[in-house]
Structure formats: structure tokens, C-alpha cells
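Below, each chain spelled out in residue letters.
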Amino acid sequence: MNIQKHVLLIVSGALLLTACNLDTEPETAISGAGVIVDESTAETVLVGGYDAAQSFVGIQIVSFNNASDNVIGFGSTGASVPLLKAAGAAAFDPTSGGGYNLYYNAINQVNQLLSDVPNISDSQFSGNSKNTKQAEGLFLRALAYFGLARTYGGVPIVLEPSTSGHSADGIRRSTYAETLAQVEADLDKAEQLFDNSLPTRSRASVWAVYALKARLYLYQERWDKAEEYATKVISNSAFTLTPEVSDWYETALSSNAIFELVFNTADRNPIYTYYLPAALGGRMDYAPNGELVQILLNEKVGGKRSQLIARQSADSEQYVIQQYNKTDGTSSFPVLRLEEQLLIRAEARVHQNKLAQAVEDINLIRSRAGIELLSVEGQSSQNLLLVLELERRLELAFDGHRYNDIIRTGRAAEVFGLINEVYKDSRYWVFPLPWTAISADSDLEQNPGY
């Protein structure tokens, strides 16, 4: 299914999700310099950037959930990552997967903002307001490049707005490390431009920058920096764990939210159609893996996290994902939340041999879940890392983290390889670039093995 091209300056638009093709054609480019001339037009383009982020985050969640062992295809929808049918199988046909063009649509949107805003001379648009707009744009671009790196590895880095509709054409791919370095550079600039005001949670803030930096440093294995930046967020009393697991997904912008992409009945999030059955208004393309269901339902392990799933009906043995269950389209995307920051800090502390402090963080999560607390006695670093792997699997079950958690720790062959033999070959620990992008740009090289 192809999504028709539309102008980037549209402020409100539906989330671009399709079950049969996880990519779209590139959107029409913003036309030329001078689009942004004052605070009002800057806000229009920036809101368009958030709208574009709704699209790529939605595709990211669906793709990463389905590529992991937390979610299975329930209907006819195929896996995002192709299967190796047998040794010496025919070459893949990577026609879709991961939302490649959606990321670049968002990047082009904010590139226009970052290009135009510094040059605006307007006494009504200066100082903190001007800085904040740029900081928000830098954060959104960092979020997009981080998503691209996690999906495809290194990608073309485009920092200028395009007027042609093919912003990345002719730019060779950077490495994975170089792409993450660009993420850090954007976050560094955003951190300098933001003030320390309390977060609105539905828009980027310095606290969202801190949280995304903590995640970035976790991926880069810079453990001291991951701990430092996660602590900045955790230490802010504005962020607290909700009493119940269901509280944060039933109520938008709850106390645990650091940055959340919100929807309303006029700007609907259709992700529920993927996860709910026809009787509840969905298609139920995907369902929670039976193994995960049993773990969540185990009171000693899953505890309150069983609230993330529910029986399809009173007399059914099939479970459905509850996290995105609002059929009026108002379910949010929890891009950054406190639970992840606690788990990031715990993992970073384990790697620095701060085992007692790591256990304290883990126990904050386990306490909310209503399960037995850990004792540091007899714990080894290796064991605590496996404990954290499970806690992240349950606590962040459908946020789209599980796939990358297993990839980044080098355990894909061991964990996923038992289910899908494609993961025994590390070449397939990244998604293929879409055929549409490869065919449109001769300078764009496909990932090895595809």
C-alpha cells in the first residue's frame, strides 16, 4: 500500500501506518528558503515535525515489536525482518520495513526549521523562545537519527533542507558510530539551548534531552555517562512511577512521562487496529507471544505488569495487547518514560560494579510491579544483567525496546536464534534498506546479506 504524497507543512495528519508496507514514498519537500519568517511560521513547521515524529515512532514500535520475541504475527502480516528459509536461500527482496522514508520526512522538516530560525530578525521572536524552537528541532532530529541507526545501522546524514523531495540522494552512508555521534551532537546543542523549566511532557524539553542521552550512552556502552544522565532525570521530583502499570497508558502525560507523543480524536492514532480483535474495532495483526503471556501472568515475576495484556474475550484463551487499547485513537506513544531511565541506570551501574546501587534501582521497578525485591547478597554482574534483561522485557514490553536490547547486548543468536534462524547471522541484526530508497539513489548501498 502506498501513501499519497502530501505537503510537509500540514500541521495535523493521520499516523502513517500500514499493515502491508512499512514504508512510504518521500513526502513533497518544503519549498526553498524563507518558509519560516516569524515565530508563528516556526511553530507551524515545528508542529509538523512532531506530527512526522508520530509517524516514524509508530512504525518503529510496530516494526521492533514484531521483530522481537514479545509479539507474534496473528494474521497474514509478514515479519519485518525476512526469514532465512534454508542455507543458501535465494536473495531477499527487501521492499519494505522500518519506516526509512518517514524518518527522512521528519528530518527534512526540522532541517528547514534549523536553517531558517537563526536568521530571523524579529524582536517578537528572540531569546528563550527562539532558542527553545531550535532545541526542540534538534531533539526531534536526534530522535530520528537514533531510530534510523537502531533500525539500519549507519545511514546518510542530511543536515540541510531539501527542495527536491530526495533529501538524502547522493550522500553516502555514514557508519553506525558516526550516526550516533550526530545524535549526540544534536543533543549537546539542544541541551545548551533549553532552559531548565518543568517539562510539558508532550513536547521536547531539557529533561527529554537528558533521557535520550542516557539511552544513547547505554547503546555506546559509556556507562558513567549513561548513569549521569539517567540520574538527572530520576532526581527530578516531577517524574514519579504511577501506582499501577495501567495508569500510565490509560492516562496521557502521567507522572512517569518524560516525553510522550499524544493524539486526540481529531488526530487519531490507529495503532490499536494492529493489536485489538475485530470485535473491539481492530484487525489483530499482532498478538503477545504466548511465552511472554505466561511470564506476565506469573504473579511472582510479572506482577502488575499483567495489566499490559488482557483476554480477547471472557471465554477466550487468546490474549491481546492492552497498552494501545483506545479505540477513539487517543493512545499515546511513550517515547521516554521514567521506568526506562531506572533500568538504564541500573544496567550502567552493573557495568561499573556498583551492584548494590543497581539492585536499588531494580527494586524500585519490582516494588511498583508488586513482586519480591532482590537482595544484593550473592548477586554477580552477569546474573544481574540477565535480571535486567528480563525486567526490561516485561516493564517495556510493547514500547519497541526488546528487539534492540537483545541486538545491542550481542545475544541475538542465542535468544532470537532459537526462534528464527536469521538471527544466527549478525548481518541480519539490522533491517534491509527499502528497495524504493535503493532504486532511487545509486549511491545508497544495501546492508550486507540482503
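### Describing the overall build of the protein
- Scanning the protein from N- to C-terminus turns up 15 helices and 6 strands.
- When burial is assessed residue by residue, the protein has 59% of its 450 residues classed as buried.
- Across the protein, contacts joining residues at least 24 apart in sequence account for 71% of those joining residues at least 6 apart.
- Of the roughly 17300 Å² of accessible surface on the protein, 50% is carried by carbon and sulfur atoms.

### What to know about helix α9 (residues 290-297)
- For α9, every residue scored as buried is listed here: Leu292, Val293, Ile295 and Leu296. The buried residues of α9 occupy one face: seen down the axis, they fall within an arc of 165 degrees.
- Looking at the buried residues of α9, the elements they touch are β3 (286-288), β4 (309-311), β5 (319-321) and α12 (381-395).

### Some remarks on the packing of aromatic side chains
- With the rule as written, the count across this model stands at 25 aromatic pairs.
- On the numbers, 5.1 Å between centres and 55 degrees between planes, the contact of Tyr100 with Tyr104 is tilted. Placement of both Tyr100 and Tyr104 in helix α2 (residues 100-116) is noted, with a separation of 4 residues, approximately one turn of the helix. Tyr104 shares its class with Tyr100; the two are buried.
- Ring geometry for Trp207 against Phe239: centres 6.4 Å apart, planes inclined by 65 degrees, an arrangement best described as edge-to-face. Taken together, the residues Trp207 in helix α5 (residues 206-220) and Phe239 in the loop between α6 (223-234) and α7 (245-250) connect sequence positions 32 residues apart. Side by side, Trp207 and Phe239 carry an identical accessibility label, which is buried.
- Every member of this aromatic cluster is reached through a ring pair, and the members are Phe263, Tyr274, Tyr275, Tyr286, Tyr324 and Phe333.

### A closer look at the layout of surface pockets
- Taken as a whole, the largest pocket holds about 440 Å³ of empty space.
- Lining the largest pocket are 24 residues; nearest its centre among them are Asn404, Asp405, Ile407, Arg408 and Thr409.
- For the lining of the largest pocket, the secondary structure elements donating two or more residues are α3 (127-152), α5, α10 (338-351), α12 and α13 (402-408).
- Looking at the lining of the largest pocket, the element that brings in the most residues is α12, giving 6 residues.
- Residues of the lining of the largest pocket, tallied by class, amount to 11 nonpolar, 5 polar and 8 charged.

Here is what the cut-offs are and how they apply
- Residues numbered from 1 in each chain as written.
- Predicted model: local features only at pLDDT ≥ 70, side-chain atom pairs only at ≥ 80, totals over all residues.
- Heavy atoms only, no water.
- Helix = DSSP H or I, 4+ residues; strand = E, 2+ residues; numbered from the N terminus.
- Buried < 20%, exposed > 50% of the residue type's maximum accessible area, 1.4 Å probe, protein only.
- Contact = heavy atoms within 4.5 Å.
- Areas by Shrake-Rupley, 256 points an atom, 1.4 Å probe, with all protein chains shown as cover.
- Arc of directions from axis to C-beta.
- Phe/Tyr/Trp six-rings, centres within 6.5 Å; stacked < 30°, edge-to-face > 60°.
- 1 Å grid on protein atoms, 1.4 Å probe; cavity = no way out; pocket = protein on both sides within 12 Å on 5 of 7 lines; lining within 4 Å.
- Points joined across faces, edges and corners; volume = space filled by probe spheres on them.
- Nonpolar A, V, L, I, M, F, W, Y, C, P; charged D, E, K, R; others polar.

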